[in-house]
Amino acid sequence: MRTVTTRSELRAAVAAARGRGARIGLVPTMGYLHQGHLSLVDAARAAAGPQAFIVMSLFVNPLQFGAGEDLERYPRDLPRDAALAAGRGVDLLFAPTVDQMYPAGEPQVQVVPGDMADRLCGAFRPGHFRGVLTVVAKLFNLVGPDLAAFGRKDFQQAVLVRRMVRELDFPVEIVMGPTAREADGLALSSRNIYLAPADREAALALFRALSAARDVFALGQTDPGHLLTAARDVLDAEPRVKLQYLELVDPESLDPVQTADARSVMALAAYLGPTRLIDNVVLGG
Ligand code: PAF
């Protein structure tokens, strides 16, 4: 695996791979890699086929952090990430500085999403998805991938990236990888490292709550009120969980559903101490 830090090195390395007939798969990350990121490498490689050339970007994007969020303390460990990426078969690691990505400071031109970005997480993180889509669009332009892989855990992000690709005609196939979980159900996140032991234990209530709703749906319940109550009861029983939102939405429009079906997505965000976690499930599994 080669690591590059500049846009010109990145473009040259990708052009050389393309010249050899490679299909380029991109896995955008903010680093501090876990098995979820690494499974996206597998997904990108499988989708790209035998001529795959996998580029992973590793960049903590300041544009997507709001005031008072964890930009400064977001975990960073390039040597660790490089070893993990190389071990999983990444071909090219792009680890730029902020100056390299935004040489003129905050870009004057950004990708501004519509009101789908103001729901769910976006309601509590104004500007977050503008920052995400802007950096993803920039990475698509720098790498020119045939496909790019995003994790299901960041469900709203994946939906908005898909929408951007469709509506702005990026020639990129989007591959969505499943949420990777610890054996006890906690969704993997780079932010899990912040959790104090008691909060780590309490955080199990998140997936338990979503699973409870899924169980009730499996018994035939399609009323959103009942399904949300099944999940909220589990969350309410865990006082360390400070729920930010719990919603049952359509997977394309992100609108709240009137009647649940197997495609409906239950999504939540909650604080455990100072740490904000998100999770979601598709009701039909
Ligand atoms: O999901 C993430 O880690 C980030 O939001 C992404 C897609 C790499 C953009 O910075």
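Because the structure is a prediction, the values reported are computed rather than measured. (Residues numbered from 1 in each chain as written. Predicted model: local features only at pLDDT ≥ 70, side-chain atom pairs only at ≥ 80, totals over all residues. Heavy atoms only, no water.)

Visitor: How should I be thinking about the overall build of the chain in this particular structure?
Guide: The secondary structure content of the chain amounts to 10 helices and 9 strands. Rg of the C-alpha trace for the chain: 19 Å, near the compact-globule value of 19 Å for 285 residues, within the 12% margin. Considering only C-alpha atoms, the chain reaches an extent of 55 × 40 × 35 Å along its principal axes. Within the chain, the fraction of its 285 residues that count as buried is 53%. Within the chain, contacts between residues at least 6 apart in sequence are counted, and of these 72% link residues at least 24 apart. (Helix = DSSP H or I, 4+ residues; strand = E, 2+ residues; numbered from the N terminus. Rg over C-alpha atoms; globule rule 2.2 N^0.38 Å. Buried < 20%, exposed > 50% of the residue type's maximum accessible area, 1.4 Å probe, protein only. Contact = heavy atoms within 4.5 Å.)

Visitor: Even after reading the chapter, I still don't get the side chain of serine 189, so can you show me in this structure?
Guide: When you line up the elements, serine 189 lands in the loop between strand 6 (173–177) and helix 8 (197–202). A distance of 3.0 Å separates a polar atom in the side chain of serine 189 from the backbone nitrogen of arginine 191. Discounting residues that sit within four places of it in the chain, serine 189 has contacts with His34 and Lys153. (Polar contact = N/O pair within 3.5 Å; in protein donor to acceptor, adjacent residues only side chain to side chain.)

Visitor: Explanation requested: the nonpolar core in the structure shown.
Guide: Across soluble globular proteins, you tend to see nonpolar side chains buried next to one another. Of all hydrophobic cores here, the largest spans 51 residues; its most connected members are Leu10, Val55 and Phe140. With 10 residues, helix 6 (residues 128–143) is the single largest residue contributor to this core. Counting the residues that make up this core, at least three belong to each of domain 1 (2–177) and domain 2 (190–282). For leucine 10, the residues in contact, after removing those within four places along its chain, are Val4, Val55, Leu92, Phe94, Leu142 and Val143. Counting residues in each nonpolar core, the second largest holds 28 residues, with Leu204, Ala209, Leu235 and Met266 among its members. (Core = buried A, V, L, I, M, F, W, Y, C linked by side-chain atoms within 4.5 Å. Domains from an automatic or database assignment.)

Visitor: Looking at this structure, I do not really get the sheet that holds strand 3 (residues 52–58). What am I missing?
Guide: The strands making up a sheet associate through hydrogen bonds between their backbones, and the pairing can be parallel or antiparallel. The 6 strands are arranged 1-4-3-2-5-6 in an open sheet whose pairing can be described as parallel. For this open sheet the edge positions go to strand 1 (2–4) and strand 6, each flanked by a neighbour on one side alone. Ignoring which end each strand starts from, the neighbouring axes of this sheet average 25 degrees apart. Here strand 3 runs beside strand 4 (residues 92–94); their pairing, made up of 3 bridges, is parallel. (Pairing = 2+ DSSP bridges. Axes fitted to C-alpha atoms, helices over the stretch in contact; angles between N-to-C directions.)

Visitor: Just to check I follow, could you spell out the sheet that holds strand 7 (residues 241–249) for this structure?
Guide: On the basis of which strands lie adjacent, the open sheet formed by 3 strands has the order 7-8-9 and antiparallel pairing. The open sheet has two free edges, formed respectively by strand 7 and strand 9 (275–282), since each of these has just one partner strand. Geometrically, the sheet is characterised by an average inter-axis angle of 15 degrees between neighbouring strands, direction not taken into account.

Visitor: Looking at this structure, I do not really get the pairing of strand 8 (residues 265–272). What am I missing?
Guide: Remark: a regular strand shows side chains that alternate across the two faces of the sheet. The element strand 8 is extensively covered by neighbouring structure, given that 7 of its 8 residues are classed as buried. Strand direction decides the pairing type here: strand 7 and strand 8, joined by 8 bridges, are antiparallel. The residue of strand 8 that forms the bridge with leucine 243 is alanine 270. Strand direction decides the pairing type here: strand 8 and strand 9, joined by 8 bridges, are antiparallel. Looking at strand 9, one finds that leucine 272 is bridged to threonine 275. Hairpin connection of strand 8 to strand 9: 2 residues between the antiparallel strands, including glycine 273 at a positive phi of 60 degrees.

Visitor: Whenever I open this one, the packing of aromatic side chains confuses me. Can you help?
Guide: A ring pair, where both rings are aromatic, is described by two values, the distance of the centres and the angle of the planes. Under the defined criterion, the tally for this structure stands at 4 aromatic pairs. Here phenylalanine 124 and tyrosine 245 contribute two aromatic rings whose centre-to-centre distance is 6.0 Å and whose plane-to-plane angle is 15 degrees, an arrangement assigned as stacked. Placement of the pair is phenylalanine 124 in helix 5 (residues 120–124) and tyrosine 245 in strand 7, with a sequence separation of 121 residues. Each ring, one from phenylalanine 140 and one from phenylalanine 170, has its centre 5.7 Å from the other, and the planes form 70 degrees; the classification is edge-to-face. Of this pair, phenylalanine 140 sits in helix 6 while phenylalanine 170 is found in the loop between helix 7 (155–167) and strand 6, placing the two residues 30 residues apart along the sequence. (Phe/Tyr/Trp six-rings, centres within 6.5 Å; stacked < 30°, edge-to-face > 60°.)

Visitor: Just checking my understanding: could you explain helix 9 (residues 204–218) for this structure?
Guide: In an α-helix, one turn spans 3.6 residues; hence positions three or four apart end up facing the same way. Over its 15 residues, helix 9 extends 21 Å from the first C-alpha to the last, a length consistent with the 21 Å expected when each residue adds 1.5 Å. When helix 9 is considered as a whole, its buried residues turn out to be Leu204, Ala205, Leu206, Phe207, Ala209, Leu210, Ser211, Ala212, Ala213 and Phe217. Summarising the contacts, the buried residues of helix 9 are in contact with helix 8, helix 10 (224–236), strand 7, strand 8 and strand 9. Within two residues after helix 9, glycine 220 carries a phi angle of roughly 110 degrees, on the positive side. (Expected span 1.5 Å × (residues − 1).)

Visitor: How should the site of the ligand be read in this particular structure?
Guide: What surrounds the ligand is the set Pro28, Thr29, Met30, Asn61, Gln64, Val135, Phe150 and Gln157. In the model, an oxygen atom of the ligand is placed 2.6 Å from a nitrogen or oxygen of the glutamine 64 side chain. A distance of 2.6 Å separates an oxygen atom of the ligand from a polar atom in the side chain of glutamine 157. Relative to its unbound accessible surface of 290 Å², the ligand loses 89% to contact with the protein. Classifying every residue of the shell around the ligand by side-chain character gives 4 nonpolar, 4 polar and no charged. (Near = heavy atom within 4 Å. Areas by Shrake-Rupley, 256 points an atom, 1.4 Å probe, with all protein chains shown as cover. Nonpolar A, V, L, I, M, F, W, Y, C, P; charged D, E, K, R; others polar.)

Keep in mind that these numbers describe shape and distance, not what the molecule does.
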